[in-house]
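As a plain string of letters, each chain reads:
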Amino acid sequence: MRPYILAENNWKTVKDSAYSVAVLPWGATEAHNYHLPYGTDILEAESVAAEAAKIAWEQGAKVIVLPVIPFGVNTGQFDVKLDMNMNPSTQLAVLRDVVEVLDRHGIHKLIILNSHGGNDFKTMIRELGLKFPNAFLCSCNWYQAIEQKAYFENKDDHAGEMETSVILHLRPDLVSLSQAGDGAAKKFKIKAIQEGWAWAERKWTQVTKDTGVGDPRKASAEKGEKYFKAVTQKVAQFFVEVATTRKDELYA
Ligand SMILES: [Zn+2]
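Chemist: What am I meant to see in the side chain of S47 here?
Modeler: Secondary-structure assignment places S47 in helix α2 (residues 40-58). Residue S47 is classed as buried on the basis of its relative accessible area of 17%. Residue contacts for S47: discarding those within four places in its chain leaves L170 and F228.

What follows is the structure in structure tokens.
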């Protein structure tokens, strides 16, 4: 029984515990090339949250990890079989209910730990911030916490070397690396979008044949383990900082 995982604890423990920050892991259920499971983003979100919370808890931060939300925004992958789209407006409704529960029970800090590039919580946090002025709401993308370059040869956007390595570390039984496609992907022709200051959604199946964006073939469990350790250390420090920084002393 891990004291920082809500789903593993009973009411006797929970009602007598004072938590200072809740962590909501948020994933997606979608194809990850031919070799990774649909639950890749769920596994990553849960595992990063649990390990980072463990490290933070051992440093005295009262963190409580909520169950993962398994569906992400997959509007661009509408034609990929059983990619389980949850629209942004639905996500806002889900998030509002979670924040309302936390608010009612005196937990005024929430970290959304995001695993999926199509999820974007910024506008939701702005809107909910107005409704819950006592709440400190923030989100982070764990896959951006540290530079991937130091750990992997090929850049990963989706189901590439990084994600494959991480899942090889966490759940090797779910990886079929021998059937992986090369993850080759097309880029937008429009210059402003290429440069990153203009944005449009990618229609996934026009961009990649195997649903991957990034070459997974140099992935290994060893690389995944090293990277996972570094990421969870960094994310844990973020948890500790949020837990210990007073809401009236956020700015320096
Ligand atoms: Zn993924």
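Chemist: Where do I start with the coordination of the zinc ion in this structure?
Modeler: In an ideal tetrahedron of four donors about a metal, each angle is 109.5 degrees. In an ideal octahedron of six donors, the angles are 90 or 180 degrees. Here the zinc ion is held by the protein donor atoms H32 (NE2), D41 (OD), E163 (OE) and E163 (OE), which lie 1.9 to 2.8 Å from it. In this structure, the zinc ion is coordinated by four donor atoms arranged in irregular fashion, with angles at the metal of 51 to 146 degrees. Each donor residue of the zinc ion belongs to the same chain, with the gaps between them written as H-x8-D-x121-E. Of this pair, H32 sits in the loop between β1 (21-26) and α2 while E163 sits in helix α5 (residues 161-170), and the two are 131 residues apart along the sequence. For H32, a relative accessible area of 1% translates into the label buried.

Chemist: Explain the pairing of strand β3 (residues 109-114) here, please?
Modeler: Of all six residues in β3, six are buried; the element is thus mostly enclosed. With burial as the criterion, each face of β3 is covered, one bearing K109, I111 and L113 and the other bearing L110, I112 and N114. Relative to β3, β1 runs parallel, the two sharing five bridges. Paired with L24 across the strands is I112, a residue of β3. In terms of handedness, the path from β3 via helix α4 (residues 122-131) over to strand β4 (residues 136-141) forms a crossover that is right-handed.

Chemist: Hey, could you run me through the sheet that holds β3 in this one?
Modeler: Either a parallel or an antiparallel arrangement is found when strands of a sheet pair, and the pairing is made through backbone hydrogen bonds. In spatial order, the strands read β2-β1-β3-β4; together these four strands make up an open sheet with parallel pairing. Single-partner strands in this sheet number two, and they are β2 (63-65) and β4. Looking at each pair of strands side by side, their axes are set apart by 25 degrees on average, direction ignored. Each of β1, β2, β3 and β4 is contacted by helix α8 (residues 221-244), which is oriented at about 165 degrees to β3, the strand it contacts most.

Chemist: Can you help me understand the pairing of β4 in this one?
Modeler: Two faces belong to every sheet, and in a regular strand the side chains alternate between them. The sheet contact formed by β3 and β4 spans six bridges and is parallel. In the sheet register, L110 faces β4, and the bridge partner there is L137.

Chemist: Sorry if this is basic, but what is going on with the nonpolar core here?
Modeler: Grouped together as the largest cluster of nonpolar side chains are 33 residues, with contacts concentrated most on L113, W142, Y227 and F239. Counting only elements with at least two residues in this core, the list comes to β1, α2, β2, β3, β4, α5 and α8. Looking at which element gives the most residues to this core, the answer is α8, with nine residues. The residues touching W142, leaving out its near neighbours within four places in the chain, are E44, V48, L113, N114, S115, M162, Y227, V231 and V235. Counting 23 residues, the second-largest nonpolar core is a separate cluster that includes A22, I64, M86 and L102.

Chemist: What is the right way to read the packing of aromatic side chains from this model?
Modeler: Any aromatic ring pair is given by two values, namely how distant the centres are and how the planes are angled relative to each other. Going through the model one piece at a time under the given rule, you end up with six aromatic pairs. Plain terms: the ring middles of W26 and F121 are 4.8 Å apart, the flat faces sit at 45 degrees to each other, and that makes the pair tilted. Taken together, the positions of W26 in strand β1 and F121 in the loop between β3 and α4 put the pair 95 residues apart, joining distant regions of the chain. Here the two residues W26 and F121 agree in accessibility, since each one is buried. For the pair F152 and Y227, a centre-to-centre distance of 5.1 Å together with 70 degrees between the ring planes defines the contact as edge-to-face. Of the two residues, F152 is situated in the loop between β4 and α5 and Y227 in helix α8; the sequence distance between them amounts to 75 residues. Both residues of the pair, F152 and Y227, belong to the buried class. Among the aromatic residues, those joined into a cluster by ring pairs are Y151, F152 and Y227. Over the aromatic face of W11 sits the side chain of K15, whose NZ or CZ is 5.5 Å from the ring centroid. A cation sits over an aromatic face here: K62 above W57, 4.2 Å from the ring centre.

Thresholds applied
For every chain, the first residue of the written sequence is number 1, and numbering continues from 1 onward in sequence order. Local features in a predicted model are, by the rule used here, given only for residues with pLDDT of at least 70; side-chain atom pairs are given and counted only at 80 or more, and totals for whole chains, interfaces and linings are based on all residues. As a rule here, side-chain values come from all non-hydrogen atoms in the structure, and water together with hydrogens is ignored. Strands are runs of DSSP state E lasting at least two residues, helices are runs of H or I lasting at least four, and both sets are numbered from the N terminus onward. With a 1.4 Å probe rolled over the protein chains alone, any residue whose accessible area is under 20% of its type maximum counts as buried; one over 50% counts as exposed, and the rest are partly exposed. Contacts are residue-level and defined by heavy atoms, with any inter-residue pair within 4.5 Å sufficient. Any nitrogen, oxygen or sulfur atom within 2.8 Å of a metal ion counts as a donor, with the limit raised to 3.2 Å for Na, K and Ca, and since water is left out, coordination shells can look unfinished. Geometry is assigned from donor-metal-donor angles: four donors are tetrahedral when every angle falls between 85 and 135 degrees, four are square planar and six octahedral when opposite donors sit over 155 degrees apart with all other angles between 65 and 115, and any other arrangement is irregular. Only strands joined by at least two bridges in the DSSP assignment are considered to pair. Orient the strands so they point away from the viewer, and a crossover whose first-strand-to-second-strand path over the helix runs clockwise is right-handed. Axis geometry follows a simple rule: fit a line to the C-alpha atoms, using only the stretch in contact for helices, then measure angles between N-to-C directions, giving values from 0 to 180 degrees. As used in this record, nonpolar core signifies buried Ala, Val, Leu, Ile, Met, Phe, Trp, Tyr and Cys residues forming a set joined through side-chain atoms within 4.5 Å. In this scheme Phe, Tyr and Trp rings, the latter by its six-membered ring, pair at centre separations within 6.5 Å, and the angle between planes marks the pair as stacked below 30 degrees, edge-to-face above 60, and tilted otherwise. Each ring is checked for a lysine NZ or an arginine CZ that lies within 6 Å of its centre and within 35 degrees of its normal; such an atom marks a charge sitting over the ring.

These figures capture arrangement, not role.
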